[in-house]
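One-letter residues, chain by chain:
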Amino acid sequence: MKIGTPKETFTGENRVAMTPNSARALQKLGHDCVIESGAGKGARFSDEDYKDAGVTVVKTAAALWKAADIVAKVRPLGTLTEENRLKKGQTVISFFYPAQNPEQLERMKEAGANYIAMDMVPRISRAQKMDALSSMANIAGYRAVIEASNNFGRFFTGQITAAGKVPPAKVLIVGAGVAGLASIGAATSLGARVYAFDVRPEVAEQIESMGAEFVYLDFAEEAQDGAATGGYAAVSSPEFRDAQLAKFRELAPEMDIVITTALIPGRDAPKLWLEDMVKAMKPGSVVIDLAAERGGNCDLTVPDEKIETDNGVTIVGYTDFPSRMAAQSSELYSTNIRHMMTDLTPEKDGIVVHDMEDDVIRGATVAFEGEVTFPPPPPKIKAIAAQKPKPPEKTPEEIAAEEAAAARSAGRRQIAILVLGALFMWLVGSYAPASFMRHFIVFVLAIFIGFQVIWGVAHALHTPLMAVTNAISGIIIVGALLQIGEGGWLVASLAAVSVLVATINIVGGFMVTRRMLQMFQKS
């Protein structure tokens, strides 16, 4: 089949749904690729780049819609002209937001077109490679930090210079979804002191693992499981919201940069950073509102604009953060579409199999063969295997009896080893000279004592024994050095090997100890 990508008609949209790299991958699935001339210009992909990748370049959008069996776009169909170009049985793949566009969904039904909405890909493990919302949110979160640094006008990282001390910027991330975590990663890498808040307490560990500080609320409310809401935060109670806003009012005077990312699909953005919080912020502070397209998390956000308040706070309400990094966004989004086409082309023969029994394909399909298929049924997730029943807890008497039995068994085993060792030593002593036996007995006892000391130590405690092993290795080196100049070539060779091995052990011990110490040092 032919997969075509037209030029985006949405004003200011620089992304493109097909890149030269994704086109090569689609051709390996047996498809032919077509693109409208200039479609990739905003993302820095020329027509020549597409031609080199084996893509057919057509001059007009009308010619592309006529030639393509599958049309891949970024934005939903933006004009009636595009809708009128639809053919019965033609498939469109793009963002769609069906809950917000019921009228357009009905028009897709009337046209008999199939529509796969990339924003409706279910958030299950198998579909992560097609999750375009996460791909774009990741870019938006990163870009938000870059925009913040551009408008902040000061260092993110703390510095001590001859001209004075510069404190690190304090950054608050509201919402620790994909965009929030990307913002945390970018801000911490720039050296800022990062704080993050989310209504899901289970994300606290992720936040802290990235070097940020989780903002806890002194409020008891049953946590909402993110898995039950598709990975998004659930709506909180009024009492929780009041406690949340009180915490933000407490933090507002201290924060230099606030990045808000809170958004639940199908709903207007919740108001979390209110006007009085903006007024409490220091002059020169910055608010980046990633929810501006749905009304914004900040009271003063103006969609698609950057404003400055009377007290000198800059509020950025751009809605096109991914489009501002069009080359990267296009590569990721086109890869999401390519993975969707891989599932739609199971035999890699260019024949699309629109399997409505497949959880991912069914979940993303909002219109199919003249019928509206939104909303989809919940994914058929396999039930978790039943856990094996735990054995009943043992009484202290039973535990003591087991420990005594284990001690008796270990004692018998040690006695057996000693008896066998004594027999072995008697056998060797019957034939070996006395001078050899003196050294051999010391060697065997050293092995036996070392084995008894080391064998029973837990793995977590092995590193503290480096000091002991280094001391033993030092004794070995001293003895070996004394032997190098004595005896024949065999003794000297063995002594040299002993020095080498013991030296490696000492150096390795010091290196491991140094790394262990670095784990407890603040950078």
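Check the entry above for the structure.
Described below are features of the structure shown in this document. (Residues numbered from 1 in each chain as written. Predicted model: local features only at pLDDT ≥ 70, side-chain atom pairs only at ≥ 80, totals over all residues. Heavy atoms only, no water.)

Focus: a nonpolar patch on the surface
Side chains of I415, V419, L420 and L423 sit close together on the surface and give an oily, nonpolar patch of about 400 Å² of accessible area. Assignment of secondary structure puts L423 in helix α13 (residues 396-429). (Patch = residues over 30% accessible without salt bridge, like charges linked within 9 Å, V, L, I, M, F, W, Y side chains within 5 Å. Areas by Shrake-Rupley, 256 points an atom, 1.4 Å probe, with all protein chains shown as cover. Salt bridge = Lys/Arg side-chain N within 4 Å of Asp/Glu carboxyl O. Helix = DSSP H or I, 4+ residues; strand = E, 2+ residues; numbered from the N terminus.)

Some words on the sheet that holds strand β16 (residues 365-368)
The strand order β3-β2-β1-β4-β5-β6-β16-β17 describes an open sheet built from 8 strands, whose pairing is mixed. Edge strands, defined here as strands with exactly one partner in the open sheet, are β3 (56-58) and β17 (371-372). Bridge analysis of β16 against β17 gives 2 bridges, and the strand direction is antiparallel. The residue bridging A367 from the neighbouring strand is V372, located in β17. (Pairing = 2+ DSSP bridges.)

A look at the side chain of S22
Within the secondary structure, S22 sits in helix α1 (residues 20-28). For S22, a relative accessible area of 6% gives the class buried. A distance of 2.9 Å separates the side chain of S22 from the backbone nitrogen of T19, its partner in a polar contact. With near-sequence residues (within four places) excluded, S22 lies in contact with S334 and R338. (Buried < 20%, exposed > 50% of the residue type's maximum accessible area, 1.4 Å probe, protein only. Polar contact = N/O pair within 3.5 Å; in protein donor to acceptor, adjacent residues only side chain to side chain. Contact = heavy atoms within 4.5 Å.)

Let's talk about the nonpolar core
Membership of the largest hydrophobic core comes to 38 residues, with the highest contact counts inside it found for M118, Y333, M340 and M341. Within the residue set of this core, elements represented by two or more residues are α1, β2 (32-36), β4 (70-72), α6 (132-152), α11 (326-344) and α12 (359-364). In terms of residue count, the dominant contributor to this core is α11 (6 residues). With 32 residues, the next largest nonpolar core counts A137, I257, L290 and Y318 among its residues. (Core = buried A, V, L, I, M, F, W, Y, C linked by side-chain atoms within 4.5 Å.)

With respect to the sheet that holds strand β10 (residues 193-197)
On the basis of which strands lie adjacent, the open sheet formed by 7 strands has the order β11-β10-β9-β12-β13-β15-β14 and mixed pairing. This sheet does not close on itself; its edge strands, each paired only once, are β11 (213-214) and β14 (306-308).

As for helix α7 (residues 178-189)
If you check α7, its first and last C-alpha atoms are 17 Å apart, about what 12 residues at 1.5 Å a residue would give, namely 16 Å. If you check which residues of α7 are buried, you get A179, G180, L181, A182, S183, I184, A186 and A187. Two residues or fewer after α7 comes G191, characterised by a positive phi angle close to 95 degrees. (Expected span 1.5 Å × (residues − 1).)

A short note on the packing of aromatic side chains
Within the structure shown, the criterion is met by 9 aromatic pairs. Between the aromatic rings of F95 and Y97, the centroid separation amounts to 6.0 Å while the plane-to-plane angle is 5 degrees, which identifies the pairing as stacked. Relative to F248, the ring of F197 lies with its centre 5.3 Å away and its plane at 85 degrees, an arrangement referred to as edge-to-face. With F197 in strand β10 and F248 in helix α9 (residues 238-251), this pair connects stretches of sequence that are 51 residues apart. Its relative accessible area of 2% is what places F197 among the buried residues. Given a relative accessible area of 0%, F248 falls into the buried group. Its end group placed over the ring of Y318, R324 keeps NZ or CZ at 3.8 Å from the ring centre. (Phe/Tyr/Trp six-rings, centres within 6.5 Å; stacked < 30°, edge-to-face > 60°. Lys NZ or Arg CZ within 6 Å of the ring centre and 35° of its normal.)

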